[in-house]
Amino acid sequence: MDKNLTMISPGGYSTLIGRFGGCPESPDGRLLVYTRKYSLENDATGVWVCATDLTGHRKLYDARSGNHNSVQATFVDNDRIVFVDGAGGVSSICVLNLRTGDVEQKIAGRAGHRARRGKFPFCLGGAGAAVYWFDCYTGETEKLFDTASLAGAMVRAGFPNEPGLRTRTFSHLQLNPSADKIMMRIGDVLGCRDLKTGEFFFIPNKPVHQLWYDDNSYMAMDQPHDGERFFMEASRMNRYAVTGEIIEALGGIGNHMDGSPDRRYFTADTMFLGEAIRINLYQKGVLEPLAELDAHRFDKTAWEHKVHSNPTFSADGRRVYFNRPVSDEKTVAVFADISAYIQKKDGPQS
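The structure presented is a predicted model; accordingly, all values stated were derived computationally and were not measured.

J.: Give a detailed account of the overall build of the chain, specifying residues and quantitative values.
T.: Tallying secondary structure elements over the chain gives 3 helices and 28 strands in all. Rg of the C-alpha trace for the chain: 19 Å, near the compact-globule value of 20 Å for 350 residues, within the 12% margin. Across the 350 residues of the chain, 56% fall into the buried class.

Quick look at the structure:
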């Protein structure tokens, strides 16, 4: 492993951070949430927190989760985290108070990405499938829309009224920073609903691993595909309008991605079957990487154990966190300090 990478918690266990773009730091940059697993082949997962200087490690909770996005832990505010526990085969979204150690809220449902303005998105399937959010402080839930209204909007937008349209599943539910729009993946379509106006927007042949760029646009990867495989060299990071138009280029090759808080730098992995997995840093609008932060070929851990890199920026934009396999059976959560690369481009930092 590159000497410029720092492990969050070295030891006789694997460590993981959650989803791409799901900053593992508290908003004030003081604390860091991660998980520990003694085996990547079972779902016993400890949820841990420490200071961002990597002191004061303490266990918060015993959860059950896979490896792909771990427990998807992120911060609600400086004192609370939200994460998913799959104990008993039921996906429960938990809000835990770091000061008291208490689980203040526990809601069954398929979790979205992170809380915005205290609201966390989730969905429920089955009869009457719908998208909701809940208040992380009170636990109060509110239905945002149901599958029937979404299916009707898709038909009006020109999508075929095919069997199963009204029972499509949602994933990657994400609120924009102002929590007045919600994005979702609907099969091979990217959708959005304006919660103020009720209007739906759809992008067919969706760009992948999308995140909100700001309140009104996405950042995502365009990945050409011929029906059998993705073409890594042709992938590009773009900014998109909710209606699908490309607004501007953000960076070059990649898969899972994130943008710095000021949206001046971007990171992405080259997680494509048969390729070395690299973590690249881009300056906005430049297709060639500003730096390669890491590279490895532990394909078994990445693909069979489903340990995806999931790169994400720190709260101050000076670190890139990601999951880094170190053997066929072990992975560690690490960060690369990118201050030197930013200083070279932006000049001395005050």
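J.: Describe the environment of Ala333, naming the residues involved and giving the relevant values.
T.: You can see Ala333 is positioned in strand 28 (residues 331-337). A sequence separation of 190 residues divides Ala333 from Lys143, and the C-alpha atoms of the two residues are 35 Å apart. Setting aside anything within four residues of it in sequence, one finds Ala333 in contact with Thr6, Met7, Ile8, Thr15, Leu16, Ile17, Phe322 and Asn323.

J.: So what's going on with empty space enclosed by the protein? Residues and values would help.
T.: In the structure shown here, the tally under the stated rule is 1 cavity of 30 Å³ or more. As a volume, the largest cavity reaches approximately 40 Å³. Contributing to the lining of the largest cavity are Leu16, Ile17, Gly18, Val33, Tyr34, Thr35, Ser70, Val71, Gln72 and Ala73. Element by element, the count of residues in the lining of the largest cavity is highest for strand 3 (residues 31-37), at 3 residues. A breakdown of the residues in the lining of the largest cavity according to their chemical character gives 6 nonpolar, 4 polar and no charged.

J.: Now, about the environment of Leu60: what can you tell me, with residues and values included?
T.: Here Leu60 shows up in strand 5 (residues 58-64). The exposure class of Leu60 is buried, given its relative accessible area of 16%. Taking C-alpha positions, Leu60 is 24 Å from Pro325, a pair spaced 265 residues apart along the chain. With residues up to four places along the chain from it excluded, the contact list for Leu60 reads Val47, Trp48, Val49, Ile81, Leu96 and Leu98.

J.: Can you lay out the side chain of Arg319 for me, pointing to particular residues and giving the numbers?
T.: Turning to its location among the elements, Arg319 is positioned in strand 27 (residues 319-325). The side chain of Arg319 sits in the buried core without any salt bridge; Glu25 is the nearest counter-charge, 4.0 Å away. A polar side-chain atom of Arg319 sits 2.9 Å from the main-chain carbonyl oxygen of Thr52. In contact with Arg319, other than residues within four places in its own chain, are Glu25, Thr52, Thr312, Phe313, Ser314, Phe335, Ala336 and Ile338.

J.: Help me get a handle on the pattern of salt bridges, residues and values and all.
T.: Considering all chains together, one arrives at 17 salt bridges under this definition. Arg64 is paired through a salt bridge with Asp43; the nearest N and O atoms lie 2.6 Å apart. Highlighted residues: Arg64 in strand 5 and Asp43 in the loop between strand 3 and strand 4 (44-51), separated in sequence by 21 residues. In this structure Arg64 comes out as partly exposed when scored by relative accessible area, which is 37%. A residue is classified by how much of its surface remains accessible, and Asp43, at 31% relative accessible area, is partly exposed. Among the salt bridges present, the one from Glu248 reaches Arg239, with a minimum N-O distance of 2.9 Å. Given a relative accessible area of 23%, Glu248 falls into the partly exposed group. Given a relative accessible area of 16%, Arg239 falls into the buried group. When salt bridges with common partners are traced through the structure, they connect Asp180, Lys181, Asp194 and Lys196 into a single cluster.

J.: Which residues make up the sheet that holds strand 2 (residues 14-16), and what are the values?
T.: In space, the 4 strands of this open sheet follow the order 2-3-4-5, with antiparallel pairing throughout. A single partner strand is all that each edge strand has here, and the edge strands are strand 2 and strand 5. Recorded for the sheet is a direction-independent mean angle of 30° between the axes of neighbouring strands. Relative to strand 5, strand 4 runs antiparallel, the two being bridged by 6 bridges. The residue of strand 5 that forms the bridge with Val49 is Arg58.

J.: Hey, could you go over a nonpolar patch on the surface for me, with residue numbers and the actual values?
T.: A contiguous nonpolar patch, built from Met1, Met7 and Val326 and spanning about 220 Å² of accessible area, is present on the exposed surface. Within the element layout of this structure, Val326 appears in the loop between strand 27 and strand 28. A relative accessible area of 30% means that Val326 is categorised as partly exposed.

J.: I'd like a rundown of helix 1 (residues 147-156), residues and numbers included.
T.: Inspection of helix 1 places Thr147, Leu150, Ala151, Gly152, Ala153 and Met154 among the buried residues, and these make up the whole buried set. Buried residues along helix 1 sit in contact with strand 12 (130-135), strand 13 (141-146), strand 14 (170-175), strand 15 (181-186), strand 16 (189-194) and strand 17 (200-204). Downstream of helix 1 by one or two residues, Gly158 has phi in the positive range, about 105°.

J.: A description of the environment of Asp79 should follow, citing residues and the corresponding values.
T.: Mapped onto the elements of the fold, Asp79 is located in the loop between strand 6 (74-77) and strand 7 (80-85). With 256 residues separating them in the primary sequence, Asp79 and Phe335 have C-alpha atoms 23 Å apart. Setting aside its immediate chain neighbours within four residues, Asp79 contacts Leu96, Asn97, Leu98 and Arg99. A distance of 2.9 Å separates a polar atom in the side chain of Asp79 from a polar atom in the side chain of Arg99.

Thresholds applied
- Residues numbered from 1 in each chain as written.
- Predicted model: local features only at pLDDT ≥ 70, side-chain atom pairs only at ≥ 80, totals over all residues.
- Heavy atoms only, no water.
- Helix = DSSP H or I, 4+ residues; strand = E, 2+ residues; numbered from the N terminus.
- Rg over C-alpha atoms; globule rule 2.2 N^0.38 Å.
- Buried < 20%, exposed > 50% of the residue type's maximum accessible area, 1.4 Å probe, protein only.
- Contact = heavy atoms within 4.5 Å.
- 1 Å grid on protein atoms, 1.4 Å probe; cavity = no way out; pocket = protein on both sides within 12 Å on 5 of 7 lines; lining within 4 Å.
- Points joined across faces, edges and corners; volume = space filled by probe spheres on them.
- Nonpolar A, V, L, I, M, F, W, Y, C, P; charged D, E, K, R; others polar.
- Lys, Arg positive; Asp, Glu negative; His and termini not counted.
- Salt bridge = Lys/Arg side-chain N within 4 Å of Asp/Glu carboxyl O.
- Polar contact = N/O pair within 3.5 Å; in protein donor to acceptor, adjacent residues only side chain to side chain.
- Pairing = 2+ DSSP bridges.
- Axes fitted to C-alpha atoms, helices over the stretch in contact; angles between N-to-C directions.
- Patch = residues over 30% accessible without salt bridge, like charges linked within 9 Å, V, L, I, M, F, W, Y side chains within 5 Å.
- Areas by Shrake-Rupley, 256 points an atom, 1.4 Å probe, with all protein chains shown as cover.

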